[in-house]
2 protein chains.
Amino acid sequence: MPKNAAITRNRIVAAASKLFYGHGIRAVSVDDVAARAGLTKRTLYYHFRSKDDLIAAYLAARDEPTIVIVMGWMDAAKGTLADKLEAVFAQMARLGRHPKWRGCGFLRTAAELVTTPGHPALKAGAAHKKKLEAEFAGRFAQAGLDAPEMRARQVMLLFDGAFSAMLTHRDASYAEAAGQAAMDLVRGEKVRVVAKRRA
Amino acid sequence: MPKNAAITRNRIVAAASKLFYGHGIRAVSVDDVAARAGLTKRTLYYHFRSKDDLIAAYLAARDEPTIVIVMGWMDAAKGTLADKLEAVFAQMARLGRHPKWRGCGFLRTAAELVTTPGHPALKAGAAHKKKLEAEFAGRFAQAGLDAPEMRARQVMLLFDGAFSAMLTHRDASYAEAAGQAAMDLVRGEKVRVVAKRRA
DNA sequence: CAACGTATACTGACTAGTGAGTGTACGCAA
DNA sequence: TTGCGTACACTCACTAGTCAGTATACGTTG
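Residues numbered from 1 in each chain as written. Chains lettered and ligands numbered in written order. Predicted model: local features only at pLDDT ≥ 70, side-chain atom pairs only at ≥ 80, totals over all residues. Heavy atoms only, no water.

## Remarks on the packing of aromatic side chains
Residue and element names in this part refer to chain A. Spelled out, the test is: Ring pairs are drawn from Phe, Tyr and Trp, using the six-membered ring of Trp, whenever the two centres fall within 6.5 Å, and their geometry is named by plane angle: stacked under 30 degrees, edge-to-face over 60, tilted for the rest. Strands are runs of DSSP state E lasting at least two residues, helices are runs of H or I lasting at least four, and both sets are numbered from the N terminus onward. Summary of the burial criterion: residues with accessible area below 20% of their type's maximum are buried, those above 50% are exposed, and those between are partly exposed, where the area comes from a 1.4 Å probe applied to protein chains only.
Overall, the coordinates contain 12 aromatic pairs over all chains when judged by the stated rule. For the ring pair W101 and F163, a centre distance of 6.3 Å and an interplane angle of 10° mean the geometry is stacked. In this pair, W101 is assigned in the loop between helix 5 (81-96) and helix 6 (105-112) and F163 in helix 8 (residues 148-169), connecting sequence segments 62 residues apart. With a relative accessible area of 6%, W101 lands in the buried category. Residue F163 is classed as buried on the basis of its relative accessible area of 13%. For the pair F159 and F163, a centre-to-centre distance of 5.2 Å together with 90° between the ring planes defines the contact as edge-to-face. Residue F159 and its partner F163 are both found in helix 8; the two are separated by four residues, about one turn of the helix. For the pair formed by F159 and F163, the shared burial category is buried.

Here's what the structure looks like:
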């Protein structure tokens, strides 16, 4: 029955997700994940070749849903591009205030696995951030913003910076400061262009 | 001989620094640090009460030198505030291209120790980032920039974002994109203020 | 349709090695 | 001779991964 296998696999990934995100990858043992999933370690190893495989599956499972959530924030917000970015960072701050919030799983994994350069989880993390950047760039271009790729990259830098700062200081207001900066970046361009044309 | 004790202690911190930064805190054992310092684990435990103490000492030793380096970049650069910020991020990109570069030790430690909220190393990391932010704010105020504290915070967000993105993508050009954003933020303000006054 | 073979999904007990931290003895300087 | 700094040898808990074996479902064949 391949259906059962998929169910079990999902249960393992869900358990891994909770634990890896909550405590960090190295801090969580394969036994811990198995126990949380309600099965033995040997069964886990039936479904995954190694802990590294499990880590990769954990991040892969977070990729799409995360993008849907963030872009959902953006698309649901009313107003200008700046207003939409403000909303994204405001939502981020809201998440950051939740007691179970532990930063960005992708960034923290990248930090933990920094010594294993070819790790599939690192590739998944990099790809995820690139996708998010591309989603921003597409919307910026749609809105007629100058240099949409560059601005998308800069907004991503603020996005990741906000994750880092919120984690460091345990202060969600950093996301709001990042939001203000993002607004300035997508509005400032137009102001400067107008000024240049007049000169 | 308290002098010898200090020398030994420094040797241990230097060894810990190399290893913790290079491989991550959890990936490095106390035995590894002792071996690299050229002494036994028992001697290390004579000088440090626990591994946690050693981690805190590792970050404490990096605090001041890091600030001196970054502010040295800024103060050595010629030109406007924007030019100086461009120089800071350009230097950051230069470091990021070094093969031994492994991101920001403070941020990576924060990511690894996320489950131990009161950890002295986390406090040291947060204090370090605050100090850096204050150094930026002081220089921004000196230069007559509007809202220097807010701008300093936003530049720090770009700073930490650049660390994260460079680590994620192994691409130092992210620091340069962050530098461009920082320049826009410290220049854009003036442009907007002028525009408002005219209106 | 009953007996059999086989793949699926699972388990408990284990290995070999590593982790942080410690008890105790010994040399050497003041 | 006191006590500081160092080393060896150790404990005990934990870790990734493995061995050998089992229950169940299901298609095939006599």
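Now that the structure has been shown, the text picks up again.
## Some points on the interface of chain A and chain B
Heads up, the condition is: The contact definition used throughout considers only heavy atoms, calling two residues in contact when any of these lie within 4.5 Å. Accessible surface is computed with a 1.4 Å probe, and the buried area is the amount of it that two parts give up when combined, taken over both parts together. Any carboxyl oxygen of Asp or Glu that lies within 4 Å of a side-chain nitrogen of Lys or Arg is treated as forming a salt bridge with it. We define a polar contact as two N or O atoms separated by no more than 3.5 Å, with the added condition that, inside protein, one atom must be a possible hydrogen donor and the other a possible acceptor, whereas residues neighbouring each other in sequence contribute only through side-chain atom pairs.
With 44 residues of chain A at the interface, the matching set in chain B holds 44 residues. Here chain A packs against chain B, burying approximately 3,700 Å² in sum over the two surfaces, 65% of which is carbon and sulfur. For the pair chain A and chain B, the interface holds two salt bridges. Measuring nitrogen to oxygen at the nearest pair gives 2.8 Å for the salt bridge that ties D184 of chain A to R151 of chain B. At the junction of chain A and chain B, the tally comes to 11 residue pairs in polar contact (both at pLDDT 80 or more).

## Describing the protein's contact with DNA strand D
Put simply, the rule reads: Summary of the distance rule: residues count as near a molecule or strand when at least one heavy atom falls within 4 Å of that molecule or strand. Throughout this entry, Asp, Glu, Lys and Arg are counted as charged residues, while Ala, Val, Leu, Ile, Met, Phe, Trp, Tyr, Cys and Pro are counted as nonpolar. The remaining residues, Gly among them, count as polar.
Taken together, 18 residues lie near DNA strand D, and K41, R42 and K51 of chain A together with Y46 and H47 of chain B sit nearest. Of what DNA strand D places within 4 Å of the protein, 55% of the atoms are sugar or phosphate. Here a phosphate oxygen of DNA strand D sits 3.1 Å away from a polar atom, N or O, in the main chain of T40 of chain B. For the surface near DNA strand D, the elements supplying multiple residues, two or more each, are helix 3 (41-47) of chain A together with helix 1 (2-23) and helix 3 (41-47) of chain B. For the surface near DNA strand D, the element with the most residues is helix 3 of chain B, which contributes four residues. Per-class residue counts for the surface near DNA strand D are eight nonpolar, six polar and four charged.

## Examining the relation of the copies chain A and chain B
Our working definition: The copies were overlaid by least squares, fitting only the C-alpha atoms of residues that reach a pLDDT of 70 or more in each copy.
Rotating chain A by 180° about the axis while translating it 0.0 Å along that axis superimposes it on chain B, leaving an RMSD of 0.0 Å. In short, the pair behaves as if placed about a two-fold rotation axis. It is G161 of chain A whose C-alpha, among those of chain A, lies nearest the rotation axis, at 1.8 Å. Most of the interface of chain A is mirrored in chain B: 100% of its interface residues are interface residues there too.

## What about helix 7 (residues 120-142) of chain B?
Residues and elements named next belong to chain B. Worth spelling out the cut-off: Expected span, for any helix, means 1.5 Å times one less than how many residues it has.
Taking 1.5 Å per residue as the helical rise, helix 7 with its 23 residues ought to reach 33 Å, and the 33 Å between its terminal C-alpha atoms agrees with that figure. Among all positions of helix 7, only A121, L122, G125, A126, H128, K129, L132, E133, F136, A137 and F140 are buried. Among the residues trailing helix 7, G144 stands out with phi positive, at a value near 80°.

## A short note on the nonpolar core
Operational definition: Take the buried residues of types Ala, Val, Leu, Ile, Met, Phe, Trp, Tyr and Cys, join any two whose side-chain atoms come within 4.5 Å, and each joined set is a nonpolar core.
Counting residues in each nonpolar core, the largest one holds 136 residues, and the members touching the most others are V33, F136 and F140 of chain A together with V33, F136 and F140 of chain B. Each residue touching F136 of chain A, except ones within four places of it in the same chain, is listed here: V70, M71, M74, L85, A152, V155 and M156 of chain A.

## A closer look at the domain arrangement of chain A
Residue and element names in this part refer to chain A. Applicable threshold: Domains are outlined according to an automatic or database domain assignment.
We note that the domain assignment places domain 1 (1-48) and domain 2 (62-198) within chain A. The distance between the C-alpha centroids of domain 1 and domain 2 comes to 30 Å. With eight residues of domain 1 in contact, the opposing surface of domain 2 contributes nine residues. Summed over both partners, the interface of domain 1 with domain 2 comes to about 740 Å²; 44% of that surface belongs to carbon and sulfur atoms. In terms of surface lost to domain 2, no three residues of domain 1 exceed Y21, I25 and R26, which account for 74% of the buried area on that side. On the surface where domain 1 and domain 2 come into contact, there are zero salt bridges. There are six residue pairs in polar contact (both at pLDDT 80 or more) connecting domain 1 and domain 2. For the side of domain 1 that touches domain 2, the residue count by class is three nonpolar, four polar and one charged.

## A word on the pattern of salt bridges
As a working rule, side chains carrying opposite charge can pair if their charged atoms are close by. Tallied over the full model, the rule gives 22 salt bridges over all chains. Across the pair K131 of chain A and E64 of chain A runs a salt bridge, and its minimum N-O distance is 3.7 Å. You can see K131 of chain A sitting in helix 7 (residues 120-142) and its partner E64 of chain A sitting in helix 4 (residues 51-76), a full 67 residues away along the chain. The shortest N-O distance in the salt bridge between D53 of chain B and R49 of chain B comes to 3.8 Å. A relative accessible area of 71% means that R49 of chain B is categorised as exposed. Each member of the salt-bridge network shares a partner with another, and the members are D63, E64 and K131 of chain A.

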